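Here is what each chain is made of, one letter per residue.
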Amino acid sequence: MKKIALITGITGQDGSYLARHLLDLGYEVHGVKRRSSSFNTSRIDGIYEDVHSQHVRFFLHYGDLTDSSNLISLIAKIRPTEIYNLAAQSHVQVSFEMPEYTANVDALGTLRILEAMRLLGLSQTRFYQASTSELYGEVLQTPQNEDTPFNPRSPYAVAKLYGFYITKNYREAYGMFAVNGILFNHESPVRGETFVTRKITMAIARMLYGLQECLYLGNLDAQRDYGHAKDYVQAMHLILQHSQPVDYVVASGQTMSIREFSARCFAQVGVILEFQGEGLDEKGVVVGFKPSALFKEAMPFALHQVVIRVDPRYFRPTEVDLLLGDPSKIERELGWKRQYGIEELITDMLGSDLALAKKQALLA
Ligand code: NAP
Ligand code: F7E
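On a predicted model such as this, the values are computed, not experimentally measured, just so you know.

The rules we used
- Counting of residues starts from 1 at the beginning of each chain's written sequence and follows it residue by residue.
- Chain letters start at A and ligand numbers start at 1, both assigned in the order the entries are written.
- Per-residue local features of the predicted model are confined to residues with pLDDT of at least 70, and side-chain atom pairs are confined, for both listing and counting, to 80 or more; whole-chain, interface and lining totals are unaffected and use all residues.
- Processing note: side-chain calculations cover all non-hydrogen atoms of the structure and skip hydrogens and water entirely.
- The rule for a salt bridge is simple: a side-chain nitrogen of Lys or Arg has to be within 4 Å of a carboxyl oxygen of Asp or Glu.
- We count a stretch as a helix when DSSP gives it H or I for four or more residues in a row; a strand needs E for two or more, and each element gets its number in order from the N terminus.
- A 1.4 Å probe rolled over the protein chains alone gives each residue an accessible area, and that area as a share of the maximum for its type sets the label: buried under 20%, exposed over 50%, partly exposed in between.
- In this document the domain limits rely on a domain assignment from an automatic tool or a database.
- By definition, the buried area sums, over both parts, the 1.4 Å-probe accessible area that each loses when the two are put together.
- Each residue receives one of three labels: charged for Asp, Glu, Lys and Arg, nonpolar for Ala, Val, Leu, Ile, Met, Phe, Trp, Tyr, Cys and Pro, and polar for the others, Gly being one of them.

*Asks:* Give me the lowdown on the pattern of salt bridges, citing residues and values where you can.
*Replies:* Applying the stated criterion to the full structure yields 17 salt bridges. For Glu82, the salt bridge goes to Lys3, with nearest N and O atoms at 3.4 Å. With a gap of 79 residues between them, Glu82 in strand E4 (residues 82-85) and Lys3 in the segment before strand E1 (4-8) connect regions that are remote in the sequence. Judged by its relative accessible area of 2%, Glu82 falls in the buried class. Notably, a salt bridge pairs Arg264 with Glu343, separated by 2.7 Å at the nearest N-O pair. Taken together, the positions of Arg264 in helix H9 (residues 258-268) and Glu343 in helix H11 (residues 342-363) put the pair 79 residues apart, joining distant regions of the chain. By relative accessible area, Arg264 is classed as partly exposed at 26%. Glu343 gets classed as partly exposed once you look at its relative accessible area, which sits at 31%. Overlapping salt bridges, with partners in common, bring together Glu134, Arg224 and Glu319 in one network.

Structure follows, in structure tokens:
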């Protein structure tokens, strides 16, 4: 049977990696993009330039998760064999400012797709829902696995909780192949620039090329379980190929604070960082240098220079303090394996942001 995938959120980080992965596997790939007054396809533009003429199997359609009739007509026209619902208002902090919109897209948007599938009688189409470790919120058990109870801590997580359970309900009520991947944080060189990892790697690159003076961060104590988006989109595909519709946790099984992530990033460019002080007065200070494989140009930092400060604007009304996932079920049952560890992820992100900053510095 011809494999036809429909990806919502194709212009996002995961959508762009998943589209490439499915094209490589021979799929015809359709993506839903939002109308925007400026270009919003930079992450997928490269697909058109790729070798092997993949673009003849790659199609974009205008759409929005808040528009049921649009979703029904797209799904009726494309008749996908697999739907990956990756579209979302995905920023946790923004969800405190736009809770209603977040619920409309992340919760009801999921329902709209499932209803479209049901009304159109697409009983053979498989559905993947982008669920999240944010569901665990203020965690009730560590590490978190498929049996850990949810305890969400943001409007984003509460909206995603609806998405999780409506997916499960359509599976149970209508016998649909509708499943959740509960993915822990995954990052990449195309991670949105306001998520903390990318904010850090971009800031370091920009500071090294004289484009920025200091990096302002919020809660340095928060701990996250980080992986690479490239590995995680492979898990999404595997979950949909299983003989049974089963929900899976996708994680690295390791966790680290934002403080430690920052220090590891600085270390890769040859800067030894120490955190001094407490609370709002805590600072990231340069205390030494070492050789770096990534950055070989003249070091612009001085000893004792402050490169990180705390800005309470980035604190959240309720925080998720600790996430640590247990990926053993997907590793055991589906053979999922990660290629990237934390150091390889950081190298990939920094390498890309250093090249970007160098270009910007030359133009400045
Ligand atoms: P992302 O980079 O923020 O991408 C989100 C995508 O959703 C973008 O293509 C965006 O379009 C689209 N979108 C937003 N609102 C929409 C709407 N109303 N209608 C249609 N499309 C809309 O997110 P990501 O990191 O790739 O994450 C993919 C999915 O996994 C999201 O559902 C996210 O909540 C979930 N998730 C992410 C992580 C993670 O660590 N990355 C972990 C667990 C779960 P524009 O480009 O036009 O904004
Ligand atoms: O924050 C802290 C912040 O915004 C991580 C989304 O993909 O992953 C992502 O959500 C941590 C939080 O990601 C800053 O308080 C400190 O504790 O990078 P983030 P997130 O909230 O974990 C989950 C799994 C998703 O599902 C989401 O869609 O870092 N933090 N200082 C900061 N966070 C940001 N953004 N900016 C700071 O300056």
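Right, picking up where we left off after that structure.
*Asks:* Talk me through the domain arrangement of the protein chain; I want residue IDs and the actual numbers.
*Replies:* With domains assigned, the protein chain is organised as domain 1 (4-189 + 227-254 + 324-340) and domain 2 (196-221 + 258-322 + 343-363). Relative to domain 2, the C-alpha centre of domain 1 lies at a distance of 30 Å. Both faces considered, domain 1 and domain 2 share a buried interface measuring about 1500 Å² in area, 56% of it formed by carbon and sulfur atoms. When the buried area of domain 1 at its contact with domain 2 is split by residue, Gln93, Arg153 and Pro189 rank highest and sum to 38% of it. Counting every contact that joins domain 1 to domain 2 gives zero salt bridges. Where the side of domain 1 that touches domain 2 is concerned, the elements lending two or more residues are helix H4 (92-97) and strand E10 (227-228). Take the side of domain 1 that touches domain 2: its biggest share by element is three residues, from H4. Tallied by class, the residues present in the side of domain 1 that touches domain 2 amount to six nonpolar, eight polar and three charged.

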